[in-house]
Amino acid sequence: MEHPIIVTGAAGFIGRNVVDQLNQQGHTGIILVDTLGLAVEGVAEKWRNLLGLRFEDILSPDQFLQSLEAGHFTTAASVIHLGACSSTTEKDADFLLQNNYRYTRTLCEWALRQNVRFVYASSAATYGDGAQGYSDDDASTPNLRPLNMYGYSKHLFDLWALKHNLFHKIVGLKYFNVFGPYEDHKQDMRSVVAKSYEQIKASGKVQLFKSYRPDYRDGEQRRDFIYVKDAAALTLHFAQPNTPGGLFNCGTGQARTWLDLGHAVFAAMGLPPRIEFIEMPTQLQGKYQYFTQADTKKLRAAGYTAEFTTLEAAVADYITTYYEAPHP
């Protein structure tokens, strides 16, 4: 295994799909880094995401750092760093600082010393309420104001990399609203597609949050939804050594409403839509993004030409090939 590919967060949502696509490309010399956690009744077990994948080894985040300190993996082809706490409601700011910012910085510094390609997950949560727009231009980054500590922990690393002029060597990806197979373990942080499918199976209807702004009707809040298979393909594109560095949006560039999403789920299940609007939890009301839409000009200028799957086609693929078909 001369040039392994290292994927952190590999048993997680995007990570699992990245490893699957690497396998489809013929790669099996992959080092997975993740924690698999304790079994909790009623919650999908994270280890199940590894079923069907081919890889060389799996290490915990701490074991991985110890391996780096021992001089291992210096000939790695790339580090794809997707491991993080992605809960937007996590209240332990010190934990997020250590887990999302400092760990990322440690891996980045190692990769730069070893001349190993480094791709990491930033987030659209760095854009806050969108008042500054959704441009990934470097000049705009310092002006962003995230709404929660998760977004700030991601923003901190973006700022550090920008300050030290690292984006000509490394790649950061600001994932927008990603949905798709193997997100079951994320519990409350699962996509609304996953939650809607579950609700429809249980009650025949979907619940969406009411709007608390007069300029958005209920269900007309808009998000940039991106299928995880597209997000994984984009991630692997920038893991190639001949691609440009930079901080890029990972979104479709096309905002769609929650109603569009709900209707797409019903259509994929062959059912007429039944949607009701519910109160938003108080703790979310001041920290809610009513509109997100990736500016993709910089991404396209960097040479990424692949088209993104439409919301309707992606939802249909997700439901028919994952929820309503056998899978590992």
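Going by the structure above, here's the rest.
Residues numbered from 1 in each chain as written. Predicted model: local features only at pLDDT ≥ 70, side-chain atom pairs only at ≥ 80, totals over all residues. Heavy atoms only, no water.

Caption draft 1: Layout of the overall build of the protein chain. Regarding its fold elements, the protein chain presents 10 helices and 13 strands. Taken against the 2.2 N^0.38 rule, which gives 20 Å for 328 residues, the C-alpha radius of gyration of the protein chain at 19 Å falls within 12% of a compact globule. Residue burial in the protein chain is summarised as follows: out of 328 residues, 49% are buried. Partitioning the intrachain contacts of the protein chain with sequence separation of at least 6 by distance along the chain shows that 80% fall at a separation of at least 24. For the protein chain, the centre of its 31 positive side-chain charges and the centre of its 35 negative side-chain charges are spaced 3 Å apart. (Helix = DSSP H or I, 4+ residues; strand = E, 2+ residues; numbered from the N terminus. Rg over C-alpha atoms; globule rule 2.2 N^0.38 Å. Buried < 20%, exposed > 50% of the residue type's maximum accessible area, 1.4 Å probe, protein only. Contact = heavy atoms within 4.5 Å. Lys, Arg positive; Asp, Glu negative; His and termini not counted. Charge placed at Lys NZ, Arg CZ, Asp CG, Glu CD.)

Caption draft 2: Molecular detail of the sheet that holds strand 5 (residues 117–123). One open sheet accounts for 7 strands, arranged 3-2-1-4-5-6-11; its pairing is parallel. Strand pairing shows two members of the sheet lacking a second neighbour, strand 3 (57–59) and strand 11 (246–250), which therefore form its edges. Taking each pair of neighbouring strands and ignoring which way they run, the sheet shows an average axis angle of 20°. Here helix 2 (residues 61–69) sits on the sheet and contacts strand 1 (5–8), strand 2 (30–33) and strand 3; the angle it forms with strand 3, its principal contact strand, is near 105°. (Pairing = 2+ DSSP bridges. Axes fitted to C-alpha atoms, helices over the stretch in contact; angles between N-to-C directions.)

Caption draft 3: A look at empty space enclosed by the protein. Under the criterion given, the structure shown has 1 cavity of 30 Å³ or more. Approximately 40 Å³ is the volume attributed to the largest cavity. Lining the largest cavity are H81, N100, T104, Y120, A121, S122, K154, F157 and D158. Taken together, the elements giving at least two residues each to the lining of the largest cavity come down to helix 3 (93–114), strand 5 and helix 4 (149–163). Grouping the constituent residues of the lining of the largest cavity by class yields 3 nonpolar, 4 polar and 2 charged. (1 Å grid on protein atoms, 1.4 Å probe; cavity = no way out; pocket = protein on both sides within 12 Å on 5 of 7 lines; lining within 4 Å. Points joined across faces, edges and corners; volume = space filled by probe spheres on them. Nonpolar A, V, L, I, M, F, W, Y, C, P; charged D, E, K, R; others polar.)

Caption draft 4: Spatial organisation of the packing of aromatic side chains. Scanning all chains against the criterion turns up 22 aromatic pairs. Seen in terms of ring centroids, Y318 and Y323 are 5.1 Å apart; in terms of plane orientation they differ by 35°. Their pairing is tilted. Of the aromatic side chains, those joined through ring pairs into one cluster are F179, Y182, Y197, Y227, Y318, Y322 and Y323. Lying over the aromatic face of Y288, R223 brings its terminal NZ or CZ to 4.8 Å of the ring centre. Lying over the aromatic face of F248, K298 brings its terminal NZ or CZ to 5.5 Å of the ring centre. (Phe/Tyr/Trp six-rings, centres within 6.5 Å; stacked < 30°, edge-to-face > 60°. Lys NZ or Arg CZ within 6 Å of the ring centre and 35° of its normal.)

Caption draft 5: Broad picture of the environment of R145. With respect to the helices and strands, the residue R145 is situated in the loop between strand 5 and helix 4. For the pair R145 and G71, spaced 74 residues apart in sequence, the C-alpha separation works out to 38 Å. Leaving out residues up to four positions away in the same chain, R145 has contacts with T126, Y127, G128 and D129. Engagement of the side chain of R145 in a polar contact is seen with the backbone oxygen of P142, the distance being 3.2 Å. In this structure the side chain of R145 is engaged in a polar contact, spanning 3.3 Å, whose partner is the backbone oxygen of N143. (Polar contact = N/O pair within 3.5 Å; in protein donor to acceptor, adjacent residues only side chain to side chain.)

Caption draft 6: Highlighting a nonpolar patch on the surface. A cluster of nonpolar side chains, contributed by L36, W47 and L51, occupies part of the molecular surface with about 230 Å² of accessible area. By the element assignment, L51 lies in the loop between strand 2 and strand 3. (Patch = residues over 30% accessible without salt bridge, like charges linked within 9 Å, V, L, I, M, F, W, Y side chains within 5 Å. Areas by Shrake-Rupley, 256 points an atom, 1.4 Å probe, with all protein chains shown as cover. Salt bridge = Lys/Arg side-chain N within 4 Å of Asp/Glu carboxyl O.)

Caption draft 7: Broad picture of helix 6 (residues 228–238). Here helix 6 lies mainly inside the structure; 8 of its 11 residues are buried. For helix 6, the complete set of buried residues consists of V228, D230, A231, A232, L234, T235, L236 and F238.

Caption draft 8: View of the packing of helix 7 (residues 258–268) against helix 10 (residues 311–323). It is the contact of helix 7 with helix 10, at a shortest axis distance of 9 Å, that shows an interaxial angle of 45°. Relative to helix 10, helix 7 is oriented oblique. Pair helix 7 / helix 10 crosses with right-handed handedness. Along the contact surface, helix 7 presents D260, L261, A264, V265 and A268, while helix 10 presents L311, E312, V315, A316 and I319. (Parallel < 35°, antiparallel > 145°, perpendicular 65-115°, else oblique. Left-handed = near helix turned anticlockwise from the far one by under 90°.)

Caption draft 9: Molecular detail of the pairing of strand 4 (residues 78–81). In strand 4, alternate side chains face the same way, and those of S78 and I80 on one face and V79 and H81 on the other are all buried. In this structure, strand 1 lies alongside strand 4, joined through 4 bridges in parallel fashion. Considered in strand 4, the bridge of I5 is made with S78. As paired elements, strand 4 and strand 5 share 4 bridges and run parallel to each other. Note on strand 5: the bridge partner recorded for I80 is V119. Following the chain from strand 4 across helix 3 to the adjacent parallel strand 5, one finds a crossover that is right-handed. (Right-handed = clockwise from strand over helix to strand, strands pointing away.)

Caption draft 10: Highlighting the side chain of K46. Within the fold, K46 resides in the loop between strand 2 and strand 3. One polar contact links the side chain of K46 to the main-chain carbonyl oxygen of T35, over a distance of 3.0 Å. Setting aside residues no more than four positions away along its own chain, K46 makes contact with A11, G12, D34, T35, L36 and H185.

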